Amino acid sequence: KVSPSGGGAHSLFTSALLRRFDFSSKLQRMSVVCRNSADGGTTCKAFVKGSPELVSQLCLEHTLPHDFNEVLMTYTREGYRVIALAFKHLDDDSKQAGRDLIESDLTFLGLLVMENKLKEVSRSVIQTLQEAEVETIMATGDNVLTAISVAGHCGIIDSAHPVFFGDVHTSDEGVETIRWQV
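Description of the structure in this document. Only a predicted model underlies this, so the values are computations on that prediction, with no experimental measurement involved.

Conventions used here
- Residues numbered from 1 in each chain as written.
- Predicted model: local features only at pLDDT ≥ 70, side-chain atom pairs only at ≥ 80, totals over all residues.
- Heavy atoms only, no water.
- Core = buried A, V, L, I, M, F, W, Y, C linked by side-chain atoms within 4.5 Å.
- Buried < 20%, exposed > 50% of the residue type's maximum accessible area, 1.4 Å probe, protein only.
- Helix = DSSP H or I, 4+ residues; strand = E, 2+ residues; numbered from the N terminus.
- Contact = heavy atoms within 4.5 Å.
- Salt bridge = Lys/Arg side-chain N within 4 Å of Asp/Glu carboxyl O.
- Phe/Tyr/Trp six-rings, centres within 6.5 Å; stacked < 30°, edge-to-face > 60°.
- Pairing = 2+ DSSP bridges.
- Disulfide = S-S within 2.5 Å.

Looking now at the nonpolar core. V48, L54, V55, L58, C59, F68, L72, V82, A84, A86, L106 and F108 form the largest nonpolar core, which has twelve residues in total. Elements with a contribution of two residues or more to this core: helix 1 (52-58), helix 2 (68-77) and strand 4 (81-90). Core analysis: the second largest hydrophobic core is formed by seven residues, V33, C44, A46 and L90 among them.

This is the structure in C-alpha cells:
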C-alpha cells in the first residue's frame, strides 16, 4: 500500500499483482499486470521496463519524446545505465492476453537513469592484469555506448583511440549486413 504524504484514507492507493512476465534477455524486458484495489479492482494496467531501444519500439510513437534517441545517447555515452519505463491500460478481456499483446501499444513513461560507479580498485586491477599480459575483456548486456564508456574509465580500452562496433542490419529483402559505427 502506498499513501502519498499528506493524504488521508481517501487518497490511499493499493495495487495487486495479477501477472508477471519475468525478465527475458532475448526480449530485453519484463512486465507486470496490476489491479488498483482502491477503486474496487476495476482498473488494470501493465507496466513494462527494459532496454530503451526495444521498449521504445513497443510504445505508441506519439508518446515518445522527439529527442528520445539524443537523450538516450547523452546518458549512455557518459556511462549511465538506462532503463525505459512504459505502461498500458488494460480492459477485462486483455488482462489475460498473451505477453505480446500486453506488451504492445504502450505509453512511454520515461527513462530511469542510474550511475554505477567503478570500485576504487577496478582501474588498478585492470592495469595489473594488462601488465601481466592477461587479456582483459568486458562482457555486458548494457547499452554498447555505456559499455564503451565504462571500459574507457577502467582502462580496458584506451579512450584516446576510436572504438568501432558493428550492428546487424536486415534489409527489406532479408539480407543481413553489418553496419560499423565509431
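Now that the structure has been shown, we can carry on.
Before going further, it helps to examine the environment of G110. Residue position: G110 is located in strand 5 (residues 107-114). With a relative accessible area of 15%, G110 lands in the buried category. Along the chain, G110 and I83 lie 27 residues apart, while their C-alpha atoms are 8.6 Å from each other. With sequence-adjacent residues up to four places away left out, G110 is seen in contact with I83, A84 and L85.

Next up on the list: the environment of E103. For E103, the location among the structural elements is in the loop between helix 3 (99-102) and strand 5. The sequence separation of E103 and S31 amounts to 72 residues, and the corresponding C-alpha distance is 7.6 Å. Beyond its immediate sequence surroundings of up to four residues, E103 is in contact with F21, R29, M30, S31, V48 and L58.

Time to look at the pattern of salt bridges. For the coordinates displayed, the defined rule picks out three salt bridges. The partner of E103 in a salt bridge is R99, with the nearest N and O atoms 2.9 Å apart. Given a relative accessible area of 1%, E103 falls into the buried group. When salt bridges with common partners are traced through the structure, they connect R29, R99 and E103 into a single cluster.

Inspection of every chain in the model, using the stated rule, returns three aromatic pairs. Each ring, one from Y75 and one from Y80, has its centre 6.0 Å from the other, and the planes form 80°; the classification is edge-to-face. On the basis of relative accessible area, Y80 is assigned to the partly exposed category, the value being 28%.

Turning to the pairing of strand 2 (residues 29-36), a few remarks are in order. Burial runs high along strand 2: seven of the eight residues are buried. Across seven bridges, strand 1 (residues 15-24) lies against strand 2 in antiparallel orientation. Across the sheet, the residue bridging to S15 is N36, located in strand 2. Where strand 1 hands over to strand 2, the hairpin turn is made up of four residues, of which Q28 adopts a positive phi near 60°. Bridge count for strand 2 against strand 3 (residues 43-50) is eight bridges, and the pairing is antiparallel. Paired with R35 across the two strands is C44, which belongs to strand 3.

This part covers the state of the cysteines. What the rule picks out here adds up to zero disulfides. The closest cysteine sulfur to the non-disulfide-bonded C34 is located on C44, 8.7 Å from its own sulfur.

A separate point is unusual backbone geometry. Positive phi, close to 60°, is recorded for Q28, a residue that is not glycine. Within the secondary structure, Q28 sits in the loop between strand 1 and strand 2. Residue class for Q28 comes out partly exposed when judged on its relative accessible area of 34%. Even without glycine at this site, D105 takes up a positive phi of about 50°. Note on placement: D105 falls in the loop between helix 3 and strand 5.

Read these as layout, nothing more, since geometry by itself doesn't imply function.
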